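In case you want the letters, here they are:
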Amino acid sequence: MNHLITPLRVAIVGAGPSGIYAAQALLDEAPRRGLPTPAIDLYDQLPAPFGLVRYGVAPDHSSIKAIASTLARTLEHPAVRFVGSLRLGSSQLQRPQMQRAYHAVIYTTGCSGETTLGIPGEALGGVWSSRQFVSWYNSHPDSPSISLGQARSAAVIGLGNVALDVARLLLSDAERLRATDLSEPVLHELTHHQIRDVWLIGRRGPQHAAFTTKELRELLHLPGVQVDVQPSEVLELAGDPTWDRRVSGNVAALSGVGASPRSTNPPPQPRARLHCVFFHRPVHLQGSHSGVVGLQVERTQLDPSGTLVGTGQLLHVPAQLVVSAVGYRGLPLVDLPFDERTGTLRHEQGRVGPGEYVAGWAKRGAHGVVGTNKSDACATVSTLLDDLASTDLPTPEPGLADQLAQQGTTYADWQRLDAAERALGASRGCQRVTLPGPEQRREARSAA
Ligand code: NAP
C-alpha cells in the first residue's frame, strides 16, 4: 500500500500522556516525511483520558495536572478519535481484531502492577501499596475504598516521589486539601483522620533517595508539621563530588532540618510530625485482628562493595496505616511478549513485532517524570515511520476500525463528565472536583 496516498491508520492503546504524546508525534512527524495526516484511534479502558495525569499525579500538584489541557489539544485534533471504556483483551477488543483493523498498533498501557515488599504481614488490613493508595485518593474507578479509621500513626515505605506524595497528603491541613480536585468522600477522609505521626522509612540514605528536591522541600515545609531527622544521618554526610544537583539538593534540604535541634522551625504546637528514618528496611509488619499495628525495621548499612546489608539492630515503628511506596511494575498485556524481569513489553527500539509498538512505562518501566514520555513516544513513532518506508504493511479491513471504536464511549462523553467536575469545583471554590463513583460519572456523562 502506498502511504504517500493512503493515510496510515493507527490505534494507540492507553490514552495517558505516553499515548497522547505518541498521537501528537504521529501528527507532527508524518507530514514532515511527506505522508498524509494519519487517522488515529486512542483507546482507553476508562471513560476519561489522561491516565496518570488524572489518576497518578497528586491532587495538590495542580501545575502538573494542568498538563491535561495541553494533552486535550491533541485529543481535539480532527484526525484523532478518543475511544473510552474499552479494555484490550475484553471480548469487545481483541488483539487480532486490532491487527486487522489498523496498519499499526502502539501500546502505551503504563505500569498497572506494583512491587511488593515480600515480608510477613503484607496482607494485613491497613497495609496498602502506593498503587492502591494513590488510586484511592485520585478516585480511580477500580480503586479500593480506604478508611483511615482510628489510625494515629502511619508509615510510608520508600524514598521516591510517590512516597513523598502519600506522606504530604496525610500531613496536609484541611485548607490545603480543599483547594485540590479530591472527591468529596476522599477529602472528608483526609481531613477527618487522627494521624499525627507519619514515618518516612528508607532502606538507604538521603544521598541514595529517588525523590526530587522540589518535592522534598515541599514536604519538609508543610505548615504546622514538625520534621524530625536523626542529625547523624545527614550531618555526617560530607558533600561528595560525584553527587549531581538533585542529590546535593536533597542532602542540603535534609541537613537544614538536621542542623536545627531535631526539627525545622518547630511550630509551637505542631499539628503533626514527620519522622524521616533512613538506613532502615522493613522486616515484619505486625498486626492484630483489627489490622496492622506496627512494623519492625532493621538498621542497614552498605558493605564495602556497596551492597545493602542488615545489621540485626531492630526498631519498632507504631503504625495503624502502612503504605508501601516501593515502585510500580508493568503487567503482561494480552499475549504480547513480556519481560518478567523488567516488567516491560519486549521490544527493539519500540518495535514489539510487525505492526506493533510500545511507548512509555510499558516500554521502559516506571521511571521519569510525565515529560520524559514525550521523547520516548517520539522515538517509538520514529521507528514506526521508518518501518513504513521498508515494510509493506497489510491493508486494514475496511470498516473494522469504526466497528471497534463505536463500542466505546466518546470524547463528547468525556467532555460532559469534565464539565460536571468543573461545575462541582466551582461550587467548592476550586478548579475541579473529581466525581467519586462510577454511577455518578455515568450520570454526568449521559446528562444532556
Ligand atoms: P521510585 O522513584 O522508583 O522509588 C522507589 C523507592 O522505593 C526507592 O527509594 C527504593 O529504594 C524503594 N524500595 C524499592 N524496593 C524496596 C524494598 N523492598 N524495601 C524498601 N524500599 C524499597 O518509585 P515511585 O516513587 O513509585 O515513583 C515512580 C516514578 O514516578 C518515578 O520516576 C517518580 O519520579 C515519578 N513520580 C514523579 C512525581 C513528581 O514529579 N512529582 C510524583 C510521583 C511519581 P532503593 O533506591 O534502595 O531501591
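Up top you'll find the structure we're talking about.
For the structure given in this document, a descriptive report is provided here. Just so you know, these numbers come straight off a predicted model, no measurement behind them. (Residues numbered from 1 in each chain as written. Predicted model: local features only at pLDDT ≥ 70, side-chain atom pairs only at ≥ 80, totals over all residues. Heavy atoms only, no water.)

Topic: the overall build of the protein
Defined as follows: Each helix is a run of H or I in the DSSP string that is no shorter than four residues. Each strand is a run of E no shorter than two, and both are numbered from the N terminus. In this description the radius of gyration comes from C-alpha coordinates, and the expected globular size is given by 2.2 Å times residues to the power 0.38. Relative accessibility under 20% of the residue-type maximum defines a buried residue, over 50% an exposed one, and the middle range a partly exposed one, all with a 1.4 Å probe and only protein chains included. Whether two residues touch is decided by their heavy atoms; if any such pair falls within 4.5 Å, the residues are in contact. Note on areas: Shrake-Rupley with a 1.4 Å probe; residue coverage comes only from the protein chains shown.
The number of helices and strands found in the protein is 17 helices and 19 strands. Here the protein has a C-alpha radius of gyration of 24 Å; the compact-globule value for 448 residues is 22 Å, and the two agree. Seen through its C-alpha atoms, the protein measures out along the principal axes to roughly 70 × 55 × 40 Å. Burial statistics for the protein: of 448 residues in total, 52% are counted as buried. Contacts in the protein between residues far apart in sequence, at least 24 positions, make up 74% of those at least 6 positions apart. Surface summary for the protein: the accessible area is close to 19700 Å², and the carbon and sulfur share equals 52%.

Considerations on the pattern of salt bridges
Let me state the cut-off plainly: By convention in these notes, a salt bridge is any Lys or Arg side-chain nitrogen within 4 Å of a carboxyl oxygen on Asp or Glu.
By the definition in use, this model includes 28 salt bridges. A salt bridge links Asp402 to Arg81; the nearest nitrogen and oxygen atoms lie 3.0 Å apart. Residue Asp402 is located in helix α15 (residues 400–405), and its partner Arg81 is located in strand β3 (residues 80–83); the two are separated by 321 residues in the primary sequence. The shortest N-O distance in the salt bridge between Arg432 and Glu421 comes to 2.9 Å. Taken together, the positions of Arg432 in the loop between α16 (411–428) and α17 (438–446) and Glu421 in helix α16 put the pair 11 residues apart, joining distant regions of the chain.

Quick notes on the nonpolar core
Burial of nonpolar side chains together is a common tendency in soluble globular proteins. Which entries qualify depends on this criterion: What makes a nonpolar core is a set of buried Ala, Val, Leu, Ile, Met, Phe, Trp, Tyr and Cys residues whose side-chain atoms join them at distances within 4.5 Å.
If you look at the biggest cluster of nonpolar residues, it comprises 51 residues, and the most contacted ones within it are Phe133, Tyr137, Val156, Leu170, Val198, Leu274 and Leu321. It is helix α7 (residues 161–171) that contributes the most residues to this core, 7 residues altogether. When near neighbours in sequence (up to four residues on either side) are disregarded, Val198 contacts Ala154, Val156, Ala167, Leu170, Leu171, Arg273, Leu274 and His275. The next biggest cluster of nonpolar side chains, apart from the first, holds 42 residues, and it includes Ile20, Leu27, Ile40 and Val53.

So, α16
Stated precisely, the cut-off is as follows: A helix is expected to span 1.5 Å for every residue after the first. By construction, the arc corresponds to the directions joining the helix axis to the C-beta atoms. As used in this structure description, the phrase polar contact means that two N or O atoms lie within 3.5 Å; if the pair is within protein, one of them must be able to donate a hydrogen and the other to accept it, and residues adjacent in sequence are counted only when both atoms belong to side chains.
Taking 1.5 Å as the rise per residue, α16 with 18 residues should run 26 Å; its terminal C-alpha atoms sit 26 Å apart, in good agreement. For α16, the set of buried residues is Tyr411, Asp413, Trp414, Leu417, Asp418, Glu421, Gly425 and Arg428. All buried residues of α16 project into a common sector of 150 degrees when viewed along the axis, lining one side. With respect to the buried face of α16, the exposed residues turned more than 90 degrees away are Ala426 and Ser427. The residue sitting at the N-terminus of α16 and contributing the capping side-chain oxygen is Thr410; that oxygen lies 3.3 Å from the backbone nitrogen of Ala412. At the exit of α16 stands Gly429, carrying a positive phi of roughly 80 degrees.

Focus: helix α4 (residues 67–75)
If you check which residues of α4 are buried, you get Ala68, Leu71, Ala72, Thr74 and Leu75. All buried residues of α4 lie within an arc of 150 degrees about the axis, which places them on one face of the element.

Quick word on the site of the ligand
Selection criterion: Neighbouring residues are identified by heavy atoms, a residue being near a molecule or strand if any of them is within 4 Å of it.
Neighbouring the ligand are 22 residues, the closest being Leu159, Val162, Arg203, Arg204 and Gly368. At 3.1 Å from an oxygen atom of the ligand is found a main-chain nitrogen or oxygen belonging to Val162. Residue Glu215 places a side-chain N or O atom 3.2 Å away from a nitrogen atom belonging to the ligand. Computed on the free molecule, the ligand has an accessible area of 920 Å², of which 81% lies beneath the protein chains in the complex. When residues of the shell around the ligand are assigned to their parent elements, the largest contribution, 3 residues, is made by α7.

Looking at the pairing of strand β11 (residues 280–288)
What counts is decided by this rule: The rule for pairing is simple: two strands pair if DSSP sees at least two bridges between them.
The sheet contact formed by β11 and strand β12 (residues 291–302) spans 8 bridges and is antiparallel. Paired with Pro282 across the bridge in β12 is Val297. Once β11 ends, the chain turns through 2 residues before running back antiparallel as β12.

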